[in-house]
Amino acid sequence: MILTVTLNAALDLTYRVPRLTPHATHRVTDVAERPGGKGLNVARVLAALGHRTVATGFAGGGTGDALRALLTQESDVTDALVPVGGATRRTVAVVDAATGDTTQLNEPGPVVSPAEWRTFLGTYRELLADAQAVALCGSLPPGVPVDVYARLTRAARSAGVPVVLDTSGEPLRRGLAARPDLAKPNADELAALTGTTEPLRAAREARRRGAHAVAASLGPDGMLAVTADGAWQAAPPRRIAGNPTGAGDSAVAGLLSGLVEGLSWPERLSRAVALSAATVRAEAAGEFDAATYAELLPEVAVAALPVPSAPGR
Ligand SMILES: Nc1ncnc2c1ncn2[C@@H]1O[C@H](COP(=O)(O)OP(=O)(O)OP(=O)(O)O)[C@@H](O)[C@H]1O
Ligand SMILES: O=P(O)(O)OC[C@@]1(O)O[C@H](CO)[C@@H](O)[C@@H]1O
């Protein structure tokens, strides 16, 4: 099975409004409520692709109960979330129907106590015993140590389980040093980490900091990957209009499923780019439009990038 970790799970609301205007009252035309937080989105996409998937992390309060009920009713993901006393946060994506732009509002999440944290670590170690790969995703709730992803990466690697890391800021910086098999930053996260806005240079620098491979997501431009076997750029055939929230999570699901299935890097990237573009077409994060995915998959253009002549990776 594939394990996903969402320490800061969320009840994910998507509001569609005709036009988003500061200081105005908005009438919401469509509402979608989903089990969210990045790792749960990854899990839902993996399950839709037919992978046996287990989701852990924390859930609590009425929002946590609602999230768990939705997860069980609407997906084949196995719920291994650890209960917490505080309430799971809400994350809200407001989609402006006039422009297609999305505005994201994310609550901080419940405080996790030391005892809850210890319970989680026990659960995580048990689940690793049966995992083919693990994805560590998203922001941290208050109370969780900032080096958590480094610790979870080390535990997985000593259990022989490949790790994909998708987070930002200090948790990303520390997590990289523990040598995850793959990191998936977006362009902003990569620039904040490395201080360079040139994605290929930044991805190489992120790899020097410890990740075995780095796959950077570049919004409508697709992805680039820097690995021990080479570097590639993969682009969708066209820009897709819609809601990009969760596109990065679908990219992670594409890369992770490809890793577990033993696909080559170009095949993994094609899948990740087609799946994530198909997510832009879907109503909410954690979903993809199956027809768009099938249509785009053979059309993704993958090109090998030159190997740098200077020493380095
Ligand atoms: N408008 C678009 N058209 C086609 N593909 C897109 C578009 N926007 C995003 N994608 C695809 O989705 C992938 C992930 O997008 P992005 O880089 O915005 O991720 P992200 O910021 O991590 O997303 P999130 O945090 O919302 O999950 C891109 O690599 C690309 O393949
Ligand atoms: O606050 P985080 O953990 O960074 O991100 C949480 C979140 O905004 O990411 C997803 C999109 O990737 C949303 O579904 C989700 O709620």
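Residues numbered from 1 in each chain as written. Chains lettered and ligands numbered in written order. Predicted model: local features only at pLDDT ≥ 70, side-chain atom pairs only at ≥ 80, totals over all residues. Heavy atoms only, no water.

If you check an unreviewed UniProt entry, the protein chain appears there as 1-phosphofructokinase from Streptomyces benahoarensis. Regarding the protein chain, the UniProt comment filed under Function (unreviewed entry) reads as follows: "Catalyzes the ATP-dependent phosphorylation of fructose-l-phosphate to fructose-l,6-bisphosphate." UniProt, in the comment section headed Catalytic activity (unreviewed entry), describes the protein chain in these words: "beta-D-fructose 1-phosphate + ATP = beta-D-fructose 1,6-bisphosphate + ADP + H(+)". (UniProt positions renumbered as here; feature names shortened; annotations may be inferred.)

Q: So what exactly am I meant to see when it comes to the UniProt feature "domain: Carbohydrate kinase PfkB" (unreviewed entry) in the protein chain here?
A: Within this structure's numbering, the places UniProt gives as "domain: Carbohydrate kinase PfkB" (unreviewed entry) are residues 11-286. In the segment residues 11-286, helix accounts for 39% and strand for 24%; the C-alpha atoms at its two ends are 12 Å apart. (Helix = DSSP H or I, 4+ residues; strand = E, 2+ residues; numbered from the N terminus.)

Q: Could you clarify how one ought to interpret the site of ligand 2 in this entry?
A: Around ligand 2, the surrounding shell holds 14 residues, and the nearest of these are D12, K38, T91, S139 and D249. In this structure, an oxygen atom belonging to ligand 2 sits 2.8 Å away from a side-chain N or O atom of K38. Burial of ligand 2 by the protein amounts to 88% of the accessible area it has alone, namely 400 Å². Of all the elements in the fold, those that place two or more residues in the shell around ligand 2 are α1 (38-48), β6 (89-96) and β7 (102-106). Of the residues belonging to the shell around ligand 2, the class tally is one nonpolar, nine polar and four charged. (Near = heavy atom within 4 Å. Polar contact = N/O pair within 3.5 Å; in protein donor to acceptor, adjacent residues only side chain to side chain. Areas by Shrake-Rupley, 256 points an atom, 1.4 Å probe, with all protein chains shown as cover. Nonpolar A, V, L, I, M, F, W, Y, C, P; charged D, E, K, R; others polar.)

Q: What is the right way to look at the side chain of R204 in this model?
A: Position of R204 relative to the elements: it lies in helix α7 (residues 199-208). In this structure the side chain of R204 is engaged in a polar contact, spanning 3.0 Å, whose partner is the backbone oxygen of P306.

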